[in-house]
Amino acid sequence: MTTHPAINIFSPHFRTDPYGSFASLREQGPVARVTLPDGRSAKVVVGYDAVVAVLKDDRFIKDYTNLAEDKSTPRRVPAGLRQFAVLSNNMLRKDPPDHTRLRSLVSKAFTPRRIEQLAPRIQQIADDLLNEMAKKGEVDLIDAYAFPLPIIVISELLGIPVEDRDKFRHWSNLLVGSLGELLVEEQQMIKATSAIGFLRRFAPWRMDRLRLLNAVNAFIRYVRRLIATRRANPQNDLVSALIQAEAEGDKLSEDELISMIILLLAAGHETTVNLIGNGTLALLRNPEQLAQVKANPDAIKTVIEELLRYNNPVNMVTRIASEDITVGGETITRGERIFVAIAAANHDPAHFANPEDLDVLRAENRHLGFGQGIHFCLGAPLARLEGQIALSALLRRFPDLQLATDPDALEWRTGFLLHGLDALPVRLT
């Protein structure tokens, strides 16, 4: 029997080089094993066909509570952990029929046609940010451009004061950085009899639980105040529209409303921040491909699709088996949580020629950057448009853009589900 080195998906090495880790995991087959911080092992799906099969199979669910034999009695969550229960009341964490109902409430705001109407405003935001950057010789591209552009866009859609964006960045970073750990702990959280006991049990884990709890509390309090303000004074924004949908009988509870707004805020900018940052880094590290982008400005849509494949903003998602299911020759048992590595599938040599090479004009590119199945990213049209406008405007304005640090010295954000940079120092001329 061939043995393989244990790979810890929570480790700094994985954050820095997930693709090297995925290549090693792929040697085990389409379904491999990884190590969790507490020493347990877990299964991760890395083969393209297996990833697609899992994402399209409705037997793989999102909500642990749907495994309960008796659903007539609602679960009781310890008072200190109820914040996390509130956060789980959104379409990303639900299965049909709740998922269908919640997704339908916001789907009209993210149709390709409506998103295209945002193009002039997105271009204006990009130009304004580039004008500010031009006053300096060197900037952190994440802080100066990749983060503010999508957070301004989603804030305006939701009707949130843009001056609060730094709060959202702090809260979102904490949530996203710890999301993988929270999902791994979810089953224990559901069974917990007290918040103190739960927090003590997981004290050795990397995330500071008290700091996370405080951030979640602050985020929820902010959104509650926003909802109250919009109830009293509706505006032409998405928050007001969600409140109106609730009033018209679509059965959107207060917790669902809070959770959906937090999801839209966090997911509405996180993917695009990483797309702009990761994509710019990939081009700067592949100058011949950067030259191709400059020589073919009309091919920007193709370029963005390759950047989504090559250095995907999302490493993986999770699913729970609702029954015993065989995937890639491995049996996933009922109640078992698995990791579904979208980024690994995007580098599967069985589906992509020379997958480790960046090819900005790649013709065959059925990547899985936005997922598959019923949870396909609702914001994909917006992320694509923001990426196209942001990258085109950046390279037009600063055609001699250069890295201002050793690429090996770059720091990657905490967490293993998403893949993005803490900072990207660049010289503008």
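To be clear, the structure that these remarks concern was listed above.
Computed from a predicted model, the values in this text were never measured in an experiment. By convention here, each chain's residues receive numbers from 1 onward along its written sequence. Local features in this predicted model are restricted to residues of pLDDT 70 or higher, and side-chain atom pairs are both shown and tallied only at a pLDDT of 80 or more, whereas totals for entire chains, interfaces and linings draw on every residue. As a rule here, side-chain values cover all heavy atoms of the structure and leave hydrogens and water aside.

Participant: Help me understand the pattern of salt bridges, please; the structure alone is not making it clear to me.
Facilitator: Two side chains with opposite charge may pair up if their charged atoms get near one another. Any Lys or Arg side-chain nitrogen located within 4 Å of an Asp or Glu carboxyl oxygen qualifies as a salt bridge. The tally for this structure, following the rule as stated, stands at 16 salt bridges. Between Glu306 and Arg309 there is a salt bridge, with the nearest N and O atoms lying 2.9 Å from each other. Taken together, the residues span about one helical turn, with Glu306 and Arg309 both in helix 16 (residues 300–310) at a distance of 3 residues. Residues Glu306 and Arg309 agree in their burial class; the two are buried. One network of salt bridges, in which partners are shared, links Asp57, Arg59 and Glu323. Runs of E in the DSSP output that reach at least two residues are strands. Runs of H or I that reach at least four are helices, and both are numbered from the N terminus. Accessible area is worked out with a 1.4 Å probe on protein chains only. A residue is then buried under 20% of its type maximum, exposed over 50%, and partly exposed in between.

Participant: How should the sheet that holds strand 3 (residues 60–61) be read in this particular structure?
Facilitator: Strand pairing within a sheet occurs via backbone hydrogen bonds; the two strands may be parallel or antiparallel. Sheet architecture is open: 5 strands sit in the order 1-2-8-5-3, paired in mixed fashion. A strand with exactly one partner marks an edge of an open sheet, and here the two such strands are strand 1 (31–35) and strand 3. Only strands joined by at least two bridges in the DSSP assignment are considered to pair. As paired strands, strand 2 (residues 41–45) and strand 8 (residues 337–340) are joined by 2 bridges and run parallel to one another. Paired with Val45 across the bridge in strand 8 is Val340. Two residues form a contact once any of their heavy atoms are found within 4.5 Å. For helices, the fitted line uses only the C-alpha atoms of the stretch in contact; every axis is such a line through C-alpha atoms, and the angle between N-to-C directions lies from 0 to 180 degrees. Sheet strands in contact with helix 3 (residues 48–56) are strand 2, strand 3, strand 5 (317–321) and strand 8, and its direction is about 125° off that of strand 8.

Participant: Which parts of the structure should I look at to understand the side chain of Arg230?
Facilitator: With respect to the helices and strands, the residue Arg230 is situated in helix 12 (residues 209–232). The term polar contact refers here to a pair of N or O atoms within 3.5 Å; inside protein, the definition further demands a hydrogen-donor-capable atom paired with an acceptor-capable atom, and it admits residues adjacent in sequence only when both atoms are side-chain atoms. At 2.8 Å, the side chain of Arg230 forms a polar contact with the side chain of Asp237. Those residues in contact with Arg230 that lie beyond four places of it in its chain are Gly159, Gln235, Asp237, Val239, Ser240 and Ile243.

Participant: So what exactly am I meant to see when it comes to the sheet that holds strand 9 (residues 402–403) here?
Facilitator: Ordered by their spatial adjacency, 3 strands build an open sheet running 4-10-9, and the pairing between neighbours is antiparallel. For this open sheet the edge positions go to strand 4 (138–140) and strand 9, each flanked by a neighbour on one side alone. For strand 9 and strand 10 (residues 425–427), the ladder comprises 2 bridges, and the chain directions are antiparallel. Each residue of the ladder has a partner; that of Gln402, found in strand 10, is Arg427.

Participant: What is the right way to read helix 18 (residues 380–397) from this model?
Facilitator: Three or four residues apart is the spacing at which side chains of an α-helix point the same way, because the helix has 3.6 residues per turn. Here the expected length of a helix is defined as 1.5 Å per residue gap, with one fewer gap than residues. Here helix 18 spans 26 Å end to end across 18 residues, near enough to the 26 Å set by a 1.5 Å rise per residue. Where burial is concerned, most of helix 18 is hidden: 14 out of the 18 residues are buried.

Participant: In this structure, what is going on with the side chain of His375? I would like to understand it.
Facilitator: Within the secondary structure, His375 sits in the loop between helix 17 (342–345) and helix 18. Of the polar contacts made by the side chain of His375, one reaches the backbone oxygen of Lys94; its length is 3.4 Å. Discounting chain neighbours no more than four positions away, the residues touching His375 are Lys62, Met91, Leu92, Lys94, His99, Arg103, Arg319 and Phe370.

Participant: For this particular structure, what's the right way to read the pairing of strand 8?
Facilitator: Along any regular strand, the residues point their side chains to alternate faces of the sheet. Burial along strand 8 is two-sided: Arg337 and Phe339 facing one way and Ile338 and Val340 facing the other are all buried. Where strand 5 and strand 8 come together, 4 bridges link them in antiparallel fashion. Looking across to strand 8, one finds that Ile320 is bridged to Arg337.

Participant: When you look at the packing of helix 9 (residues 148–158) against helix 14 (residues 254–284) in this model, what are you seeing that I'm missing?
Facilitator: Any two packed helices are characterised by how steeply their axes cross, that is the angle between the axes, and by the distance between the axes. Axis separation between helix 9 and helix 14 bottoms out at 8 Å; the angle between their running directions is 155°. Considering their axes alone, helix 9 and helix 14 lie roughly antiparallel with respect to each other. Classified by chirality, the crossing of helix 14 by helix 9 is right-handed. Contacts between helix 9 and helix 14 involve Pro150, Ile151, Ile154 and Leu158 from the first element and Ile261, Leu264, Leu265, Gly268, His269, Thr272 and Val273 from the second. Working definition: roughly parallel below 35 degrees, roughly antiparallel above 145 degrees, roughly perpendicular at 65 to 115 degrees, and oblique for all remaining angles. Two helices crossing with the near one rotated counterclockwise from the far one by less than a right angle form a left-handed crossing, whereas a clockwise rotation gives a right-handed crossing.

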